[in-house]
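Read off the chains here:
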Amino acid sequence: MSNSYIGKSIPRMESFEKVTGIAKYVHDMALPGMLYAKILTSPHAHARIVSIDKSEAEKLPGVKAVLVGSELPYKLGLYLIDKDILAKGKVRYQGEAVAAVAAESEEIARRAIELIKVEYEPLTPVFDPVEAIQEDAPLVHEDLGSYDYMKGVFNPIAGTNIANHFKLRKGDVEKGFKDSYRIFENEYTMPQVNHVPLETHAVIAEWTKSGRINIYTSAQSPFAVRNLMSIAFKIPHSKIHVRVPYVGGGFGGKAGIHLEPLAACLSKKAGGRPVKIVASREEEFNTIPSRQGLTARIKTGVSEEGRVLAQEIVYYWDAGAYADYGVNIGRASGYSGAGPYEIENVKLDSYTIYTNHPFGTAYRGFGHVEFFWAIERQMDIIARELGIDPYEFRMKNLLKPGSITITGEKIRENTGRVDKCLKTVVEAIEWGEQKTEEEKQEEFKKGKVTGKGFAVLHKAPAMPTFTSCSAIIKFNEDGSVNVVVSGVDYGQGTYTALAQIAAEVLKMPIEKVHMVWECDTDTGPYDWQTVASRFTFMGGNAIIKAAHDAIDQMKEVASAVLRAPKDELEIGNEKIYVKHNPDEFLTYREVAMGYTYPNGNSIGGPIIGRGKYIAQGLTNLDPETGQGLPALDWTYGAHAVEIEVDVRTGELELKKVVSAFDVGKVVNKLLCEGQVVGGVVQGIGTSLYEGFVYTPDGRLLTNSFTDYKIPTSKDIPDVVEPLFVETPQLDGPFGARGVAEHPMISVHAAIGNAIYNAIGVDIMELPITSERIWRAIKEKERRDQRAKTLKG
Amino acid sequence: MGREELLKKEITVTVNGETFTKSVSCNKTLLSFLRDDLYLTGTKEGCGEGECGACTVIMDGKPVNSCLVLAVEAGGHEILTIEGLSRNGELHPIQEAFIRHQGIQCGFCTPGMIMSAKALLDRNPHPTEEEIKDAISGNLCRCTGYKPIINAVKDVAERGEKR
């Protein structure tokens, strides 16, 4: 039954639980004696907290704890420790948590919140990241110089708003520009956007009088929650117990640590009673972090034949008020920030910049959705100006086996093929013959114009060099297995893929492989975080090793019972048998808990397989040049789209999206396709509709579904076609690499390129709203008219 | 009689075929009544403002956002929630189709989505694709991109399975 489970389309194993409402999320849970918490948030983007009076709130019957920042001597942060649990001294964004109440009911907590009086003294805010790094800009963190951070990896600059400056230098850009036939300089922007998981963040925490902290949370990374709490509270890891049941979507927004410390502190103050906090939808938009905004400036020098000779890139990240994952996004977007192209001379500066916006965090794509908007629009603009087909132009410059990346990594045959992905999608939309000017004019007159466009992408997991994970395979009495991992399946379907891998290696029916659903830091094996599209890759490898460990243990027992050397034993059909005499066998069931001879003697014991995997060969990057090996595996991809624009209204209809990814090996086609279709539609949201809008004083206007629109069933293209290229990743499980984030990257650029193809206007800012298209059309008409008048 | 009691009202409501008589606060939503009083947590809350559809249940044959219906308004009516859809462990054809097509990822929108689909197919067993999109347009899903959900509903309609 070789390879029978790998590549098979198997529905999610937890499907029954989910279609019947049995699946329990933190939202659905309650503990005896549980209190409910509410948060008071700041109405100002930047203000000094003059005083807080909570006495009235504390008097309200049913209120068990009221907390303000000054009571909490803890600081939090993933890579740069810059955040208080509740604002202390000043608030840095509108929506920031200032005080919190735990009470007998949500209603009492809500009333108590209204009784807390806070006096603020407004400070000058700063919102634009480019303005925020000017010398006279107001400082968001005056004490940046005293903050602790991960040294050797990040580079915050004291006395500025720069939380991290990532530098990359390859070759000599000045010489490259000198040798260039033409140079192109452009600026592109993308606003902040929200993840919008359907389940908002939810947590139940209890800080018992015995000093233990027990947590149920809707988190992507239980061990990261435990580790960060341990560091912040200076409590041993063993005294913190984090459990994660079903999670209603994350997309990176639940990757770090959010409401857990606050719930724990409220519980402590309330004498150890469990406290539940569920973020309201408004808090999900306004208090909990979103995707960082980006302003990108790119200068590209090219030869007459269309080779990119030099590229100078500056990324200004709008990190908002706190660094969170933002500094690592700046770093990841730095080392891969020129796209999957071979460019000899690159100078790249990626600044993660504090502003007085709600802060940024990880979101599907981790910087790549943002910067690919710039890179892939830029490539199309250059090709067009040079009179070269954008497909041909990219093909000349894309990474191929033998190419050297901007960090000095050599691309190999088994790294994956971005050129194949591009070829696949370009063929699928029948790119080729372009419309004549007359045909375009004719279409324009009719009011609806069609266009085609495409864009490429790449991404590797952005993670520390020492990222590791582990897996346990426990045999049950009946010969079935429980597989325990600590990455979370919050909808991606990884557990199903991992079960397929386990069943494949153990050569047993997948029905007998039970993935233990609830993650539990007390009993589960360590895993760093469920982020970066790395779970199938790393978790899969750990499971393969755990399965082999279990098989080895079973062979040990069988070797004695069957009186055959271990290396002459084989497994199959839930049996361990002698290779040359398959009739001599033991079943898994017979050895699962130890084998018993007819006379009662027993050997072996419970079979527990153990497997681990740690990222191999990654290096810290040179702080001055960014050179080194940052990437475990690269997943390449490309999208091509067909659109129609109504030139009278600017309305855009997305008719077709074709996407191809080099996933190495498709482990589960049904679920892989699900990732692609879902990711593409999420990418369409970012492309066309989504983006934070603020008042001039920094109040978020788009903090509800009334004002922040995500795609509905009526907004999706007629066709979304997922295609896969399979260049096996030699160190991936069965050759597989990750594909969770990638479908969302570069959808916008493909659409932006198609818009130019259709109507000859360049959109440089996201989202590409109808209004923006309409304004661009009007602007072009004015320009064309002026040109005509001048000619006449 | 205390103030709290004055603000309460006794209602009789049928949920998934079972009749309940309970005293509820006048400001309690149907969503909260189902989840907190009857422990039917399959119905989810995604926004509490009637914008996301995660709390969709069927009231007298029509899909409603249960976060916008007061429990007292549900008195005297028949409510069907996701828990009432499968019978004796046997899934409803819509649930089976959601599994076949994997119109599920994180699962949080799934109960509401299935209830909207059920209400549609009950009143229109053979909807067009546009009608399906219309019927679920009030149910937000961030994971699937809707395609597999639409395909699942189409599949049920084509097979003509009913229950």
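Residues numbered from 1 in each chain as written. Chains lettered and ligands numbered in written order. Predicted model: local features only at pLDDT ≥ 70, side-chain atom pairs only at ≥ 80, totals over all residues. Heavy atoms only, no water.

Engineer: Summarise the overall build of chain B; cite the residues concerned and give the values.
Structural biologist: Broken down by element type, chain B carries seven helices and five strands. Reading chain B from its N terminus to its C terminus gives the helix and strand order α-β-β-α-β-β-α-β-α-α-α-α. Scaling as 2.2 N^0.38, a compact globule of 163 residues should have a C-alpha radius of gyration of about 15 Å, and chain B matches this with 16 Å. When its C-alpha atoms are laid out on the principal axes, chain B stretches across 55 × 30 × 25 Å. (Helix = DSSP H or I, 4+ residues; strand = E, 2+ residues; numbered from the N terminus. Rg over C-alpha atoms; globule rule 2.2 N^0.38 Å.)

Engineer: Summarise the pattern of salt bridges; cite the residues concerned and give the values.
Structural biologist: Residue and element names in this part refer to chain A. Counting across every chain of the model gives 56 salt bridges over all chains. Measuring nitrogen to oxygen at the nearest pair gives 3.0 Å for the salt bridge that ties Lys423 to Glu427. Remark: Glu427 and Lys423 occur in helix α12 (residues 418–428); sequence separation between them is four residues, near one turn of the helix. Given a relative accessible area of 40%, Lys423 falls into the partly exposed group. When the shortest N-O distance is used, the salt bridge between Lys780 and Asp784 registers 3.1 Å. Placement of both Lys780 and Asp784 in helix α19 (residues 770–791) is noted, with a separation of four residues, approximately one turn of the helix. Of the residues examined, Asp784 reaches a relative accessible area of 38% and is grouped as partly exposed. Among the ionic contacts, a cluster of salt bridges with common partners joins Arg182, Arg377, Arg384, Glu385 and Asp762. (Salt bridge = Lys/Arg side-chain N within 4 Å of Asp/Glu carboxyl O. Buried < 20%, exposed > 50% of the residue type's maximum accessible area, 1.4 Å probe, protein only.)

Engineer: Give me the packing of helix α6 (residues 222–233) of chain A against helix α7 (residues 260–269) of chain A: which residues, what numbers.
Structural biologist: All names here are of chain A. Packing of α6 against α7 brings their axes to within 11 Å, and their N-to-C directions diverge by 55°. Taken together, the axes of α6 and α7 are oblique relative to one another. Classified by chirality, the crossing of α7 by α6 is right-handed. On α7, the residues that touch Val225, Met229 and Phe233 of α6 are Glu260, Pro261, Ala264 and Cys265. Here the residues of the contact of α6 with α7 are counted per class, giving six nonpolar, no polar and one charged. (Axes fitted to C-alpha atoms, helices over the stretch in contact; angles between N-to-C directions. Parallel < 35°, antiparallel > 145°, perpendicular 65-115°, else oblique. Left-handed = near helix turned anticlockwise from the far one by under 90°. Contact = heavy atoms within 4.5 Å. Nonpolar A, V, L, I, M, F, W, Y, C, P; charged D, E, K, R; others polar.)

Engineer: Could you give an account of unusual backbone geometry, with specific residues and numbers?
Structural biologist: Residue and element names in this part refer to chain A. In the segment running from Leu766 into Pro767, the intervening peptide bond is cis, with an omega of -5°. In this structure, Pro767 sits in the loop between α18 (747–759) and α19. Even without a glycine there, the phi angle at Glu574 is positive, about 60°. Looking at the element boundaries, Glu574 is found in the loop between β23 (569–572) and β24 (575–578). The buried category is assigned to Glu574, whose relative accessible area is 19%.

Engineer: So what's going on with the nonpolar core? Residues and values would help.
Structural biologist: Phe233, Leu266, Ile277, Leu422, Ile755 and Ile759 of chain A together with Phe98 of chain B are the most contacted members of the largest nonpolar core, which has 279 residues in total. Here this core gets 15 residues from one element, more than from any other, and that element is helix α15 (residues 535–562) of chain A. Here this core spans two domains, since at least three of its residues come from each of domain 1 (3–84) and domain 2 (93–159) of chain B. Ignoring anything within four residues of it in the chain, the contact list for Phe98 of chain B reads Val19 of chain A together with Gly103, Ile104, Thr110, Met113, Ile114, Ile149, Ala152 and Val153 of chain B. (Core = buried A, V, L, I, M, F, W, Y, C linked by side-chain atoms within 4.5 Å. Domains from an automatic or database assignment.)

Engineer: Before we move on, could you go through the environment of Glu590 of chain A and cite the residues and values that matter?
Structural biologist: Residues and elements named next belong to chain A. Along the chain, the position of Glu590 falls in helix α16 (residues 588–592). Sequence separation between Glu590 and Gly447 is 143 residues, and the spatial gap between their C-alpha atoms is 74 Å. Side-chain polar atoms of Glu590 contact the backbone nitrogen of Thr587, separated by 2.8 Å. (Polar contact = N/O pair within 3.5 Å; in protein donor to acceptor, adjacent residues only side chain to side chain.)

Engineer: Provide a residue-level description of the pairing of strand β14 (residues 275–278) of chain A, including the pertinent values.
Structural biologist: Every regular strand shows the same layout, with side chains that alternate between the two sheet faces. Bridge count between strand β1 (residues 35–41) of chain A and β14 of chain A: two bridges; the pairing is parallel. Its bridge partner lying in β14 of chain A, Leu35 of chain A is registered against Val275 of chain A. (Pairing = 2+ DSSP bridges.)

Engineer: Describe the sheet that holds strand β18 (residues 448–459) of chain A, and please don't skip the residues or the numbers.
Structural biologist: Residue and element names in this part refer to chain A. Reading across the sheet, the four strands line up as β18-β29-β30-β31 and stay open at both edges, with mixed pairing between neighbours. Pairing within the sheet leaves two strands with one partner each, and these edge strands are β18 and β31 (719–725). Strand after strand, the sheet turns through a mean of 15° between neighbouring axes, direction not considered. Judged from the 12 bridges that link them, β18 and strand β29 (residues 635–646) form a sheet pairing that is antiparallel.

Engineer: Explain the packing of aromatic side chains to me, using residue names and the numbers behind them.
Structural biologist: Taken as a whole and judged by the stated rule, the model has 26 aromatic pairs over all chains. For the ring pair Tyr25 of chain A and Tyr246 of chain A, a centre distance of 5.9 Å and an interplane angle of 45° mean the geometry is tilted. With Tyr25 of chain A in the loop between α1 (15–20) and β1 and Tyr246 of chain A in the loop between β13 (240–244) and α7, this residue pair connects regions lying 221 residues apart in the sequence. A relative accessible area of 1% means that Tyr25 of chain A is categorised as buried. Seen from their ring centres, Tyr495 of chain A and Phe535 of chain A are 6.1 Å apart, and the 65° between their planes marks the pair as edge-to-face. Here Tyr495 of chain A, found in helix α14 (residues 494–506), pairs with Phe535 of chain A, found in helix α15; they are 40 residues apart in sequence, far enough to count as distant. One aromatic cluster is present, formed by Tyr25, Tyr246, Tyr495, Trp517 and Phe535 of chain A together with Phe108 of chain B through successive ring pairs. The residue whose ring lies beneath Lys299 of chain A is Phe177 of chain A, and the NZ or CZ to ring-centre distance is 4.3 Å. Lying across the ring of Phe585 of chain A, Lys575 of chain A places its NZ or CZ 5.0 Å from the centre. (Phe/Tyr/Trp six-rings, centres within 6.5 Å; stacked < 30°, edge-to-face > 60°. Lys NZ or Arg CZ within 6 Å of the ring centre and 35° of its normal.)

Engineer: Could you give an account of the interface of chain B and chain A, with specific residues and numbers?
Structural biologist: Contact residues are listed per partner, giving 44 residues for chain B and 52 residues for chain A. Across the interface of chain B and chain A, roughly 3,700 Å² is buried in total on both sides, 58% from carbon and sulfur atoms. In this structure, the connection of chain B to chain A is made through four salt bridges. The partner of Lys714 of chain A in a salt bridge is Asp134 of chain B, and the shortest N-O contact between them spans 2.4 Å. Where chain B packs against chain A, one counts 26 residue pairs in polar contact (both at pLDDT 80 or more). Of all the elements in the fold, those that place two or more residues in the side of chain B that touches chain A are α4 (93–101), α5 (110–123), α6 (129–135) and α7 (147–159) of chain B. (Buried area = accessible area lost by both parts, 1.4 Å probe.)

Engineer: So what about the side chain of Thr415 of chain A? Which residues, and what values?
Structural biologist: All names here are of chain A. Inspection of the secondary structure assignment puts Thr415 in the loop between α11 (390–397) and α12. The buried category is assigned to Thr415, whose relative accessible area is 10%. A distance of 2.7 Å separates a polar side-chain atom of Thr415 from the backbone nitrogen of Arg412. Residues contacting Thr415, with those up to four places away along its chain left out, are Trp634, Tyr636, Gln729 and Arg737.

Engineer: Explain the domain arrangement of chain B to me, using residue names and the numbers behind them.
Structural biologist: Accessible area lost during the coming together of the parts is what is often quoted as the interface size. Residues and elements named next belong to chain B. Looking at chain B, the domain boundaries give domain 1 (3–84) and domain 2 (93–159). Spacing between the C-alpha centres of domain 1 and domain 2 amounts to 22 Å. Contact with domain 1, which involves 16 residues of that partner, is made by 13 residues of domain 2. In this assembly, domain 1 packs against domain 2 so that about 1,100 Å² is buried in total across both faces, 69% of it on carbon and sulfur atoms. On the surface where domain 1 and domain 2 come into contact, there are zero salt bridges.

Engineer: Now, about the side chain of Asp324 of chain A: what can you tell me, with residues and values included?
Structural biologist: Residue and element names in this part refer to chain A. Summarising the element assignment, Asp324 is placed in the loop between β16 (308–320) and α9 (326–335). The side chain of Asp324 sits in the buried core without any salt bridge; Lys83 is the nearest counter-charge, 7.6 Å away. Within the local environment of Asp324, its side chain forms a polar contact with the side chain of Thr361, the two groups lying 2.5 Å apart. The residues touching Asp324, leaving out its near neighbours within four places in the chain, are Leu78, Tyr79, Phe359, Gly360 and Thr361. (Lys, Arg positive; Asp, Glu negative; His and termini not counted.)

Engineer: Give a description of the environment of Glu439 of chain A that names residues and reports values.
Structural biologist: Residues and elements named next belong to chain A. With respect to the helices and strands, Glu439 occurs in helix α13 (residues 437–446). Its relative accessible area of 43% is what places Glu439 among the partly exposed residues. Along the chain, Glu439 and Val449 lie 10 residues apart, while their C-alpha atoms are 10.0 Å from each other. Engagement of the side chain of Glu439 in a polar contact is seen with the backbone nitrogen of Thr436, the distance being 2.9 Å.

Engineer: Tell me about the packing of α14 of chain A against α15 of chain A, residues and numbers included.
Structural biologist: Residues and elements named next belong to chain A. Contact geometry for α14 and α15: axes closest at 9 Å, N-to-C directions at 30°. Comparing their axes, α15 and α14 come out roughly parallel. The element α14 and its partner α15 pack so that their crossing is right-handed. Contacts between α14 and α15 involve Thr494, Tyr495, Leu498, Ile501, Ala502, Val505 and Leu506 on the former and, on the latter, Phe535, Thr536, Gly539, Gly540, Ile543, Ile544, Ala547, His548 and Ile551. In terms of residue class, the contact of α14 with α15 is made up of 11 nonpolar, five polar and no charged.

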